[in-house]
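What follows is the residue order along each chain.
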Amino acid sequence: MSRIKRLIIGLLAALLLPALSACSALRLGYSNGAQLAWWWIDSYFDFNRDQAPQVQQTLDQWFEWHRGSQLPEYAALLASARQQVQEPTTAALACRWQDRARELLDPALARAIVDFADLVPMLGEAQFKHLEQHYAKLIDEMRRDFLQPDAALRRRESLKRTMERAERVYGSLDEAQVKVVAAGVAASPFSPELWLTERLRRQRDTVQSLRRLVAERAERDVRIAALRALAQRSERSPNPEYRAYQAKLADYNCALAAQIHNATTSAQRLKARDNLKGWEDDLRSLVKSGAPLTPQAGG
C-alpha cells in the first residue's frame, strides 16, 4: 500500500474508527476533519508560518471534494455489506469485500497526489529533517508495539488488536469465539520483521523522491508522475520476497475474517447490521449537511 494511501487511511481511521462506538461522533470528527488533518500532517512536516496557509487551504479543498464525491460511495458500500452481513461468508467473499473497500480509496489517493504535488516545491531542509525524525519515531513505535522481545506478550498484543477490530463490529465475543480468534492470530504468517524492513524502504524512497523533486525544481506534471510512481512502488514493493509474503498474508487474513464471522451468533450479526446502518446514516448525514455539526445531548 502506498505511503500516500496509508496516510489517507491513517487519517480517516484516526477521524472515524474511534468514533464508531459513539452516536454522532463519526459525523463530528469528520466535520472537523480538515483541522484534524492539518494537525496530523503537520506532525510529519512541521510547516512554517509561510507554508501553513497553503497546506490548510489544500486540505480544506480536499475535504470539501471528498465529502461530496466519496462519502456517498462509502455509504453505498456499507449498505451493501449490511444486506449480506447476516449470511455466512467465505474467504473469497471476504477478499472481494476488502478489494472493494480498497478500490474506493483510489480516487482519494489520485486526488491527494495531484494536490500534494502542488505543495512539494515549498518543502525545504527543515521539513525533510522533521519528516526523517518523525519516520524514525514511527519505527520506534512499531518496534515497541509489534516487536516485543517477549513472544507471549507479542501474541497477547496481536490478539488484543484483532479482538478490538472484531468487537467494534459484532460486539463482545464469548469464550469460544475468543478461542477462534486466538487460534487464528497464533497461526498468522504476519511478520513484523518483514513489515518493518519494508516500512524503512518506503520511508527512504519517499524522502529521496521528494528531495529529488525539490532539488530538480521539477515541473508540475513531472511531480505528479513521480508521486504516482512512488505510490505504485509502495503499493507493489520492488522486493519480490515481500510481495509474496504480502499476498500470503492477505489470503490468510481473508480466511480468518470469514472464520470469525461464521463463528458469530445471529444476535451478533444483527449487532453488526445495526452498526453498519448507523455508520452509513452518519456518512449520508455528512453529505447532506456539508457543515460542521454541533454535538447533541445523548448522542
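Given the structure is predicted, the values throughout are model-derived calculations rather than measurements. (Residues numbered from 1 in each chain as written. Predicted model: local features only at pLDDT ≥ 70, side-chain atom pairs only at ≥ 80, totals over all residues. Heavy atoms only, no water.)

Concerning the environment of Glu235
To keep it simple, the criterion reads: Strands here are runs of E lasting at least two residues and helices are runs of H or I lasting at least four, both read from the DSSP assignment and numbered beginning at the N terminus.
Inspection of the secondary structure puts Glu235 in helix α11 (residues 220–235). Spatially, the C-alpha atom of Glu235 lies 9.8 Å from that of Arg202, the residues being 33 residues apart in sequence.

Comments concerning the packing of aromatic side chains
Filter applied, for reference: Pairing of aromatic rings covers Phe, Tyr and the six-membered ring of Trp, with a centre-to-centre limit of 6.5 Å; geometry is then stacked below 30 degrees between planes, edge-to-face above 60, and tilted otherwise. For each residue, the accessible area found with a 1.4 Å probe, counting protein chains only, is set against the maximum for its type, and the residue is called buried under 20%, exposed over 50%, and partly exposed in between.
Counted according to the given criterion, the structure contains eleven aromatic pairs. Between Trp62 and Trp65, the aromatic rings sit 6.1 Å apart at their centres with planes inclined by 55 degrees, giving tilted as the arrangement. In this pair, Trp62 and Trp65 are both assigned in helix α4 (residues 52–69), three residues apart and thus about one turn of the helix distant. Judged by its relative accessible area of 7%, Trp62 is buried. Pairing Phe146 with Trp195 gives two aromatic rings, centres 4.9 Å apart and planes at 85 degrees, and the pair type is edge-to-face.

Thoughts on the nonpolar core
In summary, soluble globular proteins display a tendency toward joint burial of nonpolar side chains. In plain terms, the rule: Each nonpolar core is a collection of buried residues, namely Ala, Val, Leu, Ile, Met, Phe, Trp, Tyr and Cys, held together in the definition by side-chain atoms within 4.5 Å. Any two residues whose heavy atoms approach within 4.5 Å are treated as being in contact.
Ranked by size, the top nonpolar core spans 57 residues in total, and within it Phe45, Phe47, Val55, Leu210 and Leu227 carry the most contacts. Here this core takes eight residues from helix α6 (residues 91–117), the largest share from any one element. In this structure, Leu227 is in contact with Ile113, Phe116, Ala117, Val120, Leu210 and Leu213, ignoring residues within four places of it in sequence. Residues Met142, Phe146, Leu147 and Leu196 belong to the second largest nonpolar core, which totals five residues.

A short note on unusual backbone geometry
With a phi close to 50 degrees, Asp46 is a non-glycine residue in the positive phi region. Positionally, Asp46 belongs in the loop between α3 (33–45) and α4. Since its relative accessible area comes to 43%, Asp46 is described here as partly exposed.

Observations concerning the confidence of the model for the protein
Rules: pLDDT expresses, on a scale from 0 to 100, how confident the predictor is about each individual residue.
Taken as a whole, the protein shows an average pLDDT of 87; of its residues, 87% reach a score of 70 or greater. Element-level mean pLDDT values for the protein span from 45 in helix α1 (residues 3–16) up to 97 in helix α9 (residues 175–186). Ignoring residues within four places in sequence, the model shows residues 1–23, a span with pLDDT below 50, making 58 contacts including any to other chains. Note that pLDDT drops below 50 for residues 291–299; the model gives that stretch eight contacts with residues more than four away or on any other chain.

Focus on the side chain of Gln51
To keep things clear, this is the line we draw: Counting of polar contacts relies on pairs of N or O atoms within 3.5 Å, with two restrictions inside protein: one atom must be capable of donating a hydrogen and the other of accepting it, and residues adjacent in sequence are counted only when both atoms are side-chain atoms.
Structurally, the position occupied by Gln51 is in the loop between α3 and α4. For Gln51, a relative accessible area of 7% translates into the label buried. A distance of 3.0 Å separates the side chain of Gln51 from the side chain of Gln127, its partner in a polar contact. The residues contacting Gln51, other than those within four sequence positions of it, are Met122, Leu123 and Gln127.

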